[in-house]
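# Observations on the three-dimensional arrangement
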Amino acid sequence: MDQYVAIRDTRIALQKLIASVQDQHLVTALNGIDRALAVFHDRGIDFKEVTDHLDDSLLITDADGIVLYINLAYTKNTGITEEDVLGKDIHQLIGTDKLFTGGAVCSVLEGKKQVFRLSTTYKTEQPLMGYVVGTPLFRPDGSLRQVVACSRPIPSLRSLQDDFETFVHEVNSLKPKSINKESAKELSEGMVGRYGSLEQIGVLIDHVAPTDASILITGESGVGKEVIADEIYRRSLRNDKPYVKINCASIPAHLLESELFGYEKGAFTGANTKGKIGLFEYANNGTLMLDEIGDMSMDLQVKLLRAIQSQEITRIGGTKPIRLNIRFLALTNADLKKKVAEGGFRQDLYYRLNVIPIRVPPLRERQQDLEALCDHFIDRFSRKYSRSFHLTQRQLDYMKEYSWPGNIRELENLIEYLVLCSSGIGQVGDEMLAGLLNLDKGVLLAEEPRKPMVPAVQGLEEEIDFNAAVCAYEKQLLEYALHGSSTLQEAGKKLNLHASTVCRKIKQYQIEYGRQKRRGL
């Protein structure tokens, strides 16, 4: 907010000048300049007006901690005025005998990253506590430019009372599931396929699963990394111990630390009065699976590294170390080597997790396993929806032409869709499958082996109309199918028509179909 301070100081100087000037023409001109300076906005948005009308308190400092701006809500919520803080060093305003304690600005100035803190102000008759979010703003060259602190008094959270039960429910839904012998149904159904790199993975799992070595499982999204992790757990010596899964990307960064490490009672405002056991303790003596490990924040990576190295943690707000005995499985679809090179992932943590690396190949590299995977999912969804279903060899060939960007997850969803769309007849048309896979039908048809086909329509006049030609062809096609069929059902199957439709067409075109065959209906 350097512009705001500069414009404010300029207007103050300008107003003093106006008061001392006697020339009315000059006064009018200077007042015009003052009004122009009063317009502090960009593209029709007056950002100062916006911030002044927020309920949240805003305080902005420069890179040295000098206060540049507070909005009207800051004064309203805390009693602290512009005269109390503008132009002053934030460090000199902190203390129980000064304006406030706690806060986030100093932490942001030191760590150059966003932080969440509690703060207490002392300008009012009774001290006021609030929560503060401190956010750094950087210049294009990466240097710190300003710090923005946004805060809200704790009493204002009473307005959330009506939504509090919903809030608690949503937080509880983030808790991971602990899997043990009694809840083994939570595990995946196991690895499907036995060719190429998957066969090598199976051999590797046989060797490393019984050990306590950390394993880093990498691969594209949807390739089945969690299936590999479950297989490792299933073959390990800890398969009767807790198996805790946590998705590091599904929990906000500021909550993930308390979820992993737990906290003591009274550790922070809003904490459970009895404290909370963290995921490390839930997984103790068992296995902890960390999915999307590449999305973990840098500060939490440091604490995770220490937990893995020392097999020891301390709860938030606690002082007593807790000994651990955990086997770690880490999963990611990110290129961690690249993230290490770019400074987005700690190198020491990477090597600590990457004791046993396992790369799960994408489905396009597992064409030999495609048929087994299809059979696996067809069996699952046929039982689930009580519908029989099968793919033809030609449809399997179509699927092998596809690149499967969504990998096994995409294949699973496709098979479920096909089973549901089979409408009880046990199959779908080739055109439907080709359309779902967005394949070039012309190329696929060109690659299909030629089959004996009904002869071209005979006896057409040179100037016959289109509808008559279609009817003539349809009649010959029916006669061709009926000729080698013993029942109408058999003929209908050849034409992908229901037997009742075939019967109706026979009557429509007055096709002679012997009574003996007719009894086959």
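On a predicted model such as this, the values are computed, not experimentally measured, just so you know.

### Focus on the overall build of the chain
Helices and strands together make up the secondary structure of the chain, namely 23 helices and 16 strands. Here the chain, with 521 residues, has 39% of them falling under the buried criterion. In the chain, once contacts between residues fewer than 6 apart in sequence are set aside, the share between residues at least 24 apart is 61%. Total accessible area on the chain stands at roughly 30,000 Å², and carbon and sulfur atoms take up 52% of it.

### Concerning the pattern of salt bridges
Throughout the structure, instances matching the rule amount to 24 salt bridges. A salt bridge links K113 to D299; its shortest N-O distance comes to 3.7 Å. Of this pair, K113 sits in the loop between α6 (105-111) and β4 (115-121) while D299 sits in helix α12 (residues 298-310), and the two are 186 residues apart along the sequence. One salt-bridge network, held together by shared partners, links D206, E231, R234 and R235.

### Things to note about unusual backbone geometry
Even without a glycine there, the phi angle at N285 is positive, about 75°. Unlike most non-glycine residues, S386 shows phi in positive territory, near 55°. Residue classification places S386 among the exposed positions, given a relative accessible area of 67%.

### Observations regarding the pairing of strand β2 (residues 67-70)
Sheet topology note: the strand β1 (residues 57-62)/β2 ladder contains three bridges and is antiparallel. Each residue of the ladder has a partner; that of L59, found in β2, is I70. Between the antiparallel neighbours β1 and β2 lie four residues, among them G65 with a positive phi of about 90°.

### Observations concerning the packing of helix α10 (residues 253-261) against α12
Remark: α10 packs on α12, axes separated minimally by 10 Å, with the N-to-C direction vectors making an angle of 15°. Regarding the angle of α10 to α12, the classification is roughly parallel. Between α10 and α12 the crossing geometry is left-handed. Taking contact as the criterion, the partners of L256, E257, L260 and F261 in α10 are, on α12, L300, K303 and L304. Residue classes in the contact of α10 with α12 are distributed as five nonpolar, no polar and two charged.

### A few points about helix α17 (residues 407-421)
In a regular helix each residue adds 1.5 Å, so 15 residues correspond to 21 Å; α17 covers 21 Å between its end C-alpha atoms and thus fits that length. Among the residues of α17, N407, I408, L411, L414, I415, E416, L418 and V419 are the ones counted as buried. As for α17, its buried residues are in contact with α15 (370-385), α16 (393-400) and α18 (430-436).

### What about the pairing of strand β15 (residues 327-332)?
With six of its six residues buried, β15 lies for the most part within the structure. Burial of β15 is two-sided: the residues R327, L329 and L331 facing one way and the residues F328, A330 and T332 facing the other way are all buried. Two elements, strand β8 (residues 215-218) and β15, share four bridges in a ladder whose sense is parallel. Bridge assignment links T218 to a residue of β15, and that residue is T332.

### Some remarks on the confidence of the model for the chain
Per-residue confidence for the chain gives a mean pLDDT of 80; residues scoring 70 or more make up 81%. Counting contacts from residues 180-186, a segment whose pLDDT is below 50, to residues more than four positions away or on other chains yields eight contacts. Scored below 50 in pLDDT, residues 515-521 makes eleven contacts in the model with residues more than four places away or belonging to other chains.

### Some points on the environment of L304
Looking at the element boundaries, L304 is found in helix α12. Separated by 45 residues in sequence, L304 and L349 place their C-alpha atoms 8.0 Å apart. Contact partners of L304, with chain neighbours within four places excluded, come to F261, F280, L290, I293, M296, F328 and L349.

### Quick notes on the sheet that holds β4
Sheet strands line up and pair through hydrogen bonds in the backbone, either parallel or antiparallel. Spatially, β2-β1-β6-β5-β4-β3 is the arrangement adopted by the six strands of the open sheet, whose pairing is antiparallel. Pairing within the sheet leaves two strands with one partner each, and these edge strands are β2 and β3 (100-102). Taken pair by pair, the neighbouring strands of this sheet meet at an average axis angle of 25°, ignoring direction.

### Describing the packing of aromatic side chains
Applying the stated criterion across every chain yields a total of six aromatic pairs. A centroid spacing of 6.2 Å and a plane angle of 65° characterise the contact between F280 and F328, whose relative ring orientation is edge-to-face. With F280 in helix α11 (residues 279-282) and F328 in strand β15, the pair connects residues that are 48 residues apart, well separated along the chain. The same class applies to F280 and to F328, which are both buried.

Each value, and the rule that gives it
Residues numbered from 1 in each chain as written. Predicted model: local features only at pLDDT ≥ 70, side-chain atom pairs only at ≥ 80, totals over all residues. Heavy atoms only, no water. Helix = DSSP H or I, 4+ residues; strand = E, 2+ residues; numbered from the N terminus. Buried < 20%, exposed > 50% of the residue type's maximum accessible area, 1.4 Å probe, protein only. Contact = heavy atoms within 4.5 Å. Areas by Shrake-Rupley, 256 points an atom, 1.4 Å probe, with all protein chains shown as cover. Salt bridge = Lys/Arg side-chain N within 4 Å of Asp/Glu carboxyl O. Pairing = 2+ DSSP bridges. Axes fitted to C-alpha atoms, helices over the stretch in contact; angles between N-to-C directions. Parallel < 35°, antiparallel > 145°, perpendicular 65-115°, else oblique. Left-handed = near helix turned anticlockwise from the far one by under 90°. Nonpolar A, V, L, I, M, F, W, Y, C, P; charged D, E, K, R; others polar. Expected span 1.5 Å × (residues − 1). pLDDT = per-residue confidence, 0-100. Phe/Tyr/Trp six-rings, centres within 6.5 Å; stacked < 30°, edge-to-face > 60°.

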